[in-house]
Amino acid sequence: MIVWLNGAFGAGKTATARELVDFMPGSTFYDPELVGNGLRMMLPRKRLEQVSDYQDLPSWRRLVVDTGAALIAEVGGPLVVAMTVLRQEYRDEIFGHFAARRIPVRHVLLHTDETILRERIAGREEIPGDPEANESVRQWCLAHLAPYRAALPWLTADAHVVDTTGITPRQTAQHIADAVREGAGSCDIVQTPEPTAETLAAGVLLFDEEDRVLLVDPTYKPGWEFPGGVVEPGEPPMCAGVREVTEELGVRLDEPLRLLVADWERPQPPGYGGLRLLFDGGKLSSAAAREVLLPGSELRGWRFVTESEAAALLPPVRLSRLRWALRAREQGRPLYLEAGVPTG
């Protein structure tokens, strides 16, 4: 198990985490910042200059999970993590990969009144004897107060919230230990095993009366997606698409699906790639749309979007697939793609 302490810079996450280890026998303190420091030393300067924060590096998010899993295998007990994560898509990616490894995460938000936060930040001294470096750290913390405020709606909905205003790190740790024992902060993310070879996946495009396409927002990975999933061994791909729509949306499709796109996805380590199929599931009536019921452990939301609106929600590879699928639907014929490019 992982107990992930989130919150603004200055909320007392690290001090609380070190105290929490005392209240959770057999637990180990795990600091993902060390992963970031390692990447700063190993990655070329040109790559580091392309991001403003090491959390923006896919390698950091992946290594946080790999290192955490390795530590659990080594020490056996729970890990206590102190790390601010304010971007929901990064939370999805990290926690989703832990879930895929059957490692449960308890998400705890340490919330502190902003006036107190500013006082703590003003007195923060990371590097004794280096006023310039300490001022740089303080400015970094202050610059992240606005993003923290913006992230509060999803953080408070996702995590067990502990108000640390006026209590010590040890008191905070005692509260967290008691709450975790009672199941607080549990993240009900679908435990989708990571593939070990190329996979075949079937997605389904559903349209409303304005010809907008339905997208879903998974809890276990970043970016929006089409309804669908991996085809089970021995399962016909069209049947897999129908099954996934029923499981994910509670919608039954009685008519045969029409193939729009077959896209070969290039292996991108650590991913294996494979064949991705997109089917036309037809129009979803207003009455049927009102009956959509999402599995909370897998999807947090859904919406109909135009092609231009999809560009802000879908990762590039899925956006390209969608655009070609829409062209195939207009032309009335399926398209074969390799790495998102039509061929043949």
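This is a predicted model, so every value here is computed, not measured.

**Student:** Describe the environment of His160, with residues and values.
**Tutor:** The residue His160 is located in strand 5 (residues 160–163) in this model. Residues His160 and His97, 63 residues apart in the sequence, show an inter-C-alpha distance of 20 Å. Apart from the residues within four sequence positions on either side, His160 is in contact with His107, Val108, Leu109, His175, Ala179, Ala184 and Gly185. Within polar-contact distance, the side chain of His160 engages the side chain of His175 at 3.4 Å.

**Student:** Lay out the domain arrangement of the protein chain in plain terms, naming residues and giving numbers.
**Tutor:** Interfaces are often sized by the amount of accessible area the parts lose when they come together. By domain assignment, the protein chain separates into domain 1 (2–187) and domain 2 (199–342). For domain 1 and domain 2, the distance between their C-alpha centroids amounts to 34 Å. Counting residues at the interface gives seven residues for domain 1, matched by seven residues for domain 2. Here domain 1 meets domain 2 over a buried area of about 530 Å², counting both sides, of which 49% is carbon and sulfur.

**Student:** Tell me about the pairing of strand 4 (residues 105–111), and please be specific about residues and values.
**Tutor:** Here strand 4 lies mainly inside the structure; six of its seven residues are buried. Relative to strand 4, strand 1 (residues 2–7) runs parallel, the two being bridged by six bridges. Counted as the bridge partner of Ile2 is Val105 from strand 4. Here strand 4 pairs with strand 5 via four bridges, running parallel. When the bridges of strand 5 are listed, Val108 appears paired with His160.

**Student:** I'd love a proper account of the packing of aromatic side chains, names of residues and values included.
**Tutor:** The geometry of two aromatic rings is summed up by the distance between their centres and the angle between their planes. A full pass over the atoms with the stated rule returns three aromatic pairs. Taken together, a centroid distance of 5.6 Å and an interplanar angle of 90° make the contact between Trp302 and Phe304 edge-to-face. One Lys or Arg, Arg303, reaches over the ring of Trp224 and ends 5.9 Å from the middle of that ring. Over the face of the ring belonging to Phe207 we find Arg329, whose NZ or CZ atom lies 3.6 Å from the ring centre.

**Student:** So, helix 4 (residues 58–75): which residues are in play, and what are the values?
**Tutor:** Between the first and last C-alpha of helix 4 there are 26 Å, a value that for 18 residues agrees with the 26 Å anticipated at 1.5 Å per step. Those residues of helix 4 that sit buried are Trp60, Arg61, Val64, Val65, Gly68, Ala69 and Ile72. All buried residues of helix 4 project into a common sector of 165° when viewed along the axis, lining one side. Turned more than 90 degrees away from the buried face of helix 4 sit Ala73 and Glu74, all of them exposed. Buried-residue contacts for helix 4 involve strand 1, strand 2 (28–30), helix 2 (33–42), strand 3 (79–82) and helix 5 (88–100). Immediately downstream of helix 4, the backbone of Gly76 shows phi near 85°, a positive value.

**Student:** Which residues make up the pairing of strand 3, and what are the values?
**Tutor:** Of the two faces of strand 3, the one lined by Leu79 and Val81 and the one lined by Val80 and Ala82 are each fully buried. Note that strand 2 and strand 3 share three bridges and pair parallel. Counterpart to Thr28 in the pairing with strand 3 is Leu79.

**Student:** Residue-level account of the UniProt feature "domain: Nudix hydrolase" (unreviewed entry) in the protein chain, with values.
**Tutor:** With numbering aligned to this structure, UniProt lists the feature "domain: Nudix hydrolase" (unreviewed entry) at residues 197–327. Summarising residues 197–327: 26% helix, 33% strand, and an end-to-end C-alpha distance of 30 Å.

**Student:** Provide a residue-level description of the environment of Val242, including the pertinent values.
**Tutor:** By the element assignment, Val242 lies in helix 10 (residues 237–249). Residue Val242 is classed as partly exposed on the basis of its relative accessible area, which comes to 22%. Sequence spacing of Val242 and Asp254 is twelve residues, and the spatial spacing of their C-alpha atoms is 8.6 Å. Excluding its chain neighbours within four sequence positions, the residues that come into contact with Val242 are Leu253 and Leu257.

**Student:** With reference to specific residues and values, describe the pattern of salt bridges.
**Tutor:** Using the criterion set out here, one finds 31 salt bridges in the structure. In this structure, Asp178 and Arg181 form a salt bridge, with 2.5 Å as the shortest nitrogen-oxygen distance. On the criterion of helical spacing, the pair formed by Asp178 and Arg181 is a turn pair, its members being three residues apart in helix 9 (residues 169–181). For Asp178, a relative accessible area of 31% puts it in the partly exposed group. Using a relative accessible area of 56% as the deciding quantity, one classes Arg181 as exposed.

**Student:** I'd like a description of the nonpolar core, backed by residues and values.
**Tutor:** By size, the foremost hydrophobic cluster in this structure holds 28 residues, and its most contacted members are Val3, Leu5, Leu20, Val108, Leu155 and Ile176. Discounting residues that sit within four places of it in the chain, Val3 has contacts with Leu20, Met24, Leu79, Val80, Val81, Arg106, Val108, Ile176 and Val180. The next biggest cluster of nonpolar side chains, apart from the first, holds 27 residues, and it includes Tyr54, Val64, Leu79 and Val85.

Cut-off values and rules
Residues numbered from 1 in each chain as written. Predicted model: local features only at pLDDT ≥ 70, side-chain atom pairs only at ≥ 80, totals over all residues. Heavy atoms only, no water. Helix = DSSP H or I, 4+ residues; strand = E, 2+ residues; numbered from the N terminus. Contact = heavy atoms within 4.5 Å. Polar contact = N/O pair within 3.5 Å; in protein donor to acceptor, adjacent residues only side chain to side chain. Domains from an automatic or database assignment. Buried area = accessible area lost by both parts, 1.4 Å probe. Buried < 20%, exposed > 50% of the residue type's maximum accessible area, 1.4 Å probe, protein only. Pairing = 2+ DSSP bridges. Phe/Tyr/Trp six-rings, centres within 6.5 Å; stacked < 30°, edge-to-face > 60°. Lys NZ or Arg CZ within 6 Å of the ring centre and 35° of its normal. Expected span 1.5 Å × (residues − 1). Arc of directions from axis to C-beta. UniProt positions renumbered as here; feature names shortened; annotations may be inferred. Salt bridge = Lys/Arg side-chain N within 4 Å of Asp/Glu carboxyl O. Core = buried A, V, L, I, M, F, W, Y, C linked by side-chain atoms within 4.5 Å.

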